[in-house]
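Coordinates in review
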Amino acid sequence: AYYQIGLIYFRQGRFGQAQESLEALIKQTPKGSLHAMANFLKACAYYNKEEYGKALGSFNDVLGSSLSDSDLKMRAQYQKAHCFYQMGKKAKAKKEFTRFLQSYPDADLASDVLFWLGQFYYHEKEFSQAQESFAQLLERFPQGELADDAIFWQAKLALADENSELALNKLKHLKKAYSNSGIIAEALLLEGDILMQQGDSEGADELYKLVLAESPQAEFARLAHQKRAQINQKNKRYIQAIAEYTKALGSQSSDFSAQIQFSIAECWYAQGELSQALDSYLKV
């Protein structure tokens, strides 16, 4: 009953009350069959409250127990690594994720770990190790939920290596093999950016139009409008540029909105419309 009460509170997001019930269970039945599961759930409650140090301690309790449930220990090991990452201890997080892969190479969560490591190495500019992580993910989990994301990141790695043709090939493969993927809009935007770098503004504009036609996500649409506006601004089609920039406004990111408003001001200024330019600069 203590456990079920704690579980209900946890599912309602009432993590403090969940912990109280779970701690009562642990105190009153220290050798009970639900002891390890209660510790795990308590650790997750700490994690969701962003008390990562306390969460880490509880996950360690699960890992140090005589529990025979290897699935629960596997999940505790996975969450322990995330605790280190949230605490800003990236090296320890990497070490724990690497240990997870050694202990549970065939677990479904191994796909998530390989993807995390790929992104981690990418941001650390350790591109060969990032490539290895994404390649392993695709080899071992070709039908997994993260396969399309891994190909997208391989395209980004190719760009980092200044191999734009390989990046384009990866993106084209992604669109063909995973046509219903949720990452298609990002792939189209990145493909358009590569074409822009190659001087093919017409081809890029067609891809940005596709994003507007096919993506229901507002942020991707705003990015597409911004990129179409930049093409028009570059070609001195300022009225069209202002129209596209205006459609890009409304983002929750104040930095993005400020940049859009600044670009609108630049377009007005380039036309000699000083009062409109002043008004737009003041809005920034």
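Before reading further, recall that the structure is shown in the block above.
Quick summary incoming for the structure in this document. The shown structure was predicted, so the numbers you read here are calculated from the model rather than taken from an experiment. (Residues numbered from 1 in each chain as written. Predicted model: local features only at pLDDT ≥ 70, side-chain atom pairs only at ≥ 80, totals over all residues. Heavy atoms only, no water.)

1. Digging into unusual backbone geometry
Which entries qualify depends on this criterion: Secondary structure is summarised from DSSP: a helix means a run of H or I of at least four residues, a strand means a run of E of at least two, and numbering begins at the N terminus for each. In this scheme, a residue with accessible area under 20% of its type's maximum is buried, one over 50% is exposed, and one in between is partly exposed, where area comes from a 1.4 Å probe on protein chains only.
The backbone of Glu162 sits at a positive phi, close to 60°, despite the residue not being glycine. If you trace the backbone, Glu162 turns up in the loop between α9 (147–160) and α10 (164–177). For Glu162, a relative accessible area of 76% translates into the label exposed.

2. What to know about the side chain of Gln233
Quick note on the threshold: Any pair of N or O atoms that falls within 3.5 Å is considered a polar contact. Within protein, one atom must be able to donate a hydrogen and the other to accept it, and sequence-neighbouring residues count only if both atoms are side-chain atoms. In what follows, a contact means two residues having at least one pair of non-hydrogen atoms within 4.5 Å.
Mapped onto the elements, Gln233 comes out in helix α13 (residues 218–234). In this structure the side chain of Gln233 is engaged in a polar contact, spanning 2.5 Å, whose partner is the side chain of Tyr245. Looking at Gln233, its side chain comes within polar contact range of the side chain of Glu266, at 3.5 Å. If we ignore the near neighbours within four places in the chain, the residues touching Gln233 are Tyr238, Ala241, Tyr245, Ser263, Glu266 and Cys267.

3. Here we look at the nonpolar core
Note the cut-off: Residues belong to a common nonpolar core when they are buried Ala, Val, Leu, Ile, Met, Phe, Trp, Tyr or Cys residues joined through side-chain atoms within 4.5 Å.
Counting residues in hydrophobic clusters, the biggest one holds 75 residues, and the most contacted among them are Phe59 and Phe152. Setting aside residues no more than four positions away along its own chain, Phe59 makes contact with Phe40, Ala43, Cys44, Ala76, Gln79, Lys80 and Cys83. In this structure, Ala229, Ile242, Ala248 and Cys267 belong to the second largest nonpolar core, which totals 10 residues.

4. Quick notes on the pattern of salt bridges
Rule in force here: Salt bridges are defined by distance alone: a side-chain nitrogen of Lys or Arg within 4 Å of a carboxyl oxygen of Asp or Glu.
With the rule as written, the count across this model stands at 12 salt bridges. A salt bridge links Glu51 to Lys49, with the shortest nitrogen-to-oxygen separation between them at 3.6 Å. Judged by its relative accessible area of 26%, Glu51 is partly exposed. Its relative accessible area of 33% is what places Lys49 among the partly exposed residues. Linking Glu96 and Arg99 is a salt bridge whose minimum nitrogen-to-oxygen distance equals 3.3 Å. Here Arg99 and Glu96 lie together in helix α6 (residues 90–103), a separation of three residues that amounts to about one turn. In this structure Glu96 comes out as buried when scored by relative accessible area, which is 6%. Judged by its relative accessible area of 34%, Arg99 is partly exposed. One network of salt bridges, in which partners are shared, links Lys49, Glu51 and Lys54.

5. Focus: a nonpolar patch on the surface
Keep this limit in mind: Two joining distances apply to patches: 9 Å for like charges and 5 Å for nonpolar side chains (Val, Leu, Ile, Met, Phe, Trp, Tyr), and every residue must have over 30% relative accessible area and no salt bridge. For the area figures, the Shrake-Rupley method with a 1.4 Å probe applies, and any residue is considered shielded solely by the protein chains shown.
Residues Phe262, Tyr269, Leu274, Tyr281 and Val284 make up a contiguous nonpolar surface patch of roughly 500 Å² in combined accessible area. Secondary structure elements with two or more residues in the nonpolar patch: α15 (254–270) and α16 (274–283). Note on placement: Phe262 falls in helix α15. Look at Phe262 and you get partly exposed, because its relative accessible area is 34%.

6. What to know about the packing of α9 against helix α11 (residues 184–197)
Worth spelling out the cut-off: To get an axis, fit a line to the C-alpha atoms, keeping to the stretch in contact for a helix; angles then go from 0 to 180 degrees between the N-to-C directions. Each angle receives one of four descriptions, namely roughly parallel if under 35 degrees, roughly antiparallel if over 145, roughly perpendicular if within 65 to 115, and oblique otherwise. Left-handed describes a crossing in which the near helix is turned anticlockwise from the far one by less than a right angle; the clockwise case is right-handed. Ten residue types, Ala, Val, Leu, Ile, Met, Phe, Trp, Tyr, Cys and Pro, are classed as nonpolar, four, Asp, Glu, Lys and Arg, as charged, and the remainder, Gly among them, as polar.
Between α9 and α11, the shortest axis-to-axis distance is 11 Å and the interhelical angle comes to 20°. One element, α9, and the other, α11, form an angle in the roughly parallel class. Taken as a pair, α9 and α11 cross one another with a handedness that is left-handed. Between α9 and α11, the residues in contact are Phe152, Lys156 and Leu159 and Glu186, Ala187, Leu190 and Ile194, respectively. Partitioning the contact of α9 with α11 into residue classes produces five nonpolar, no polar and two charged.

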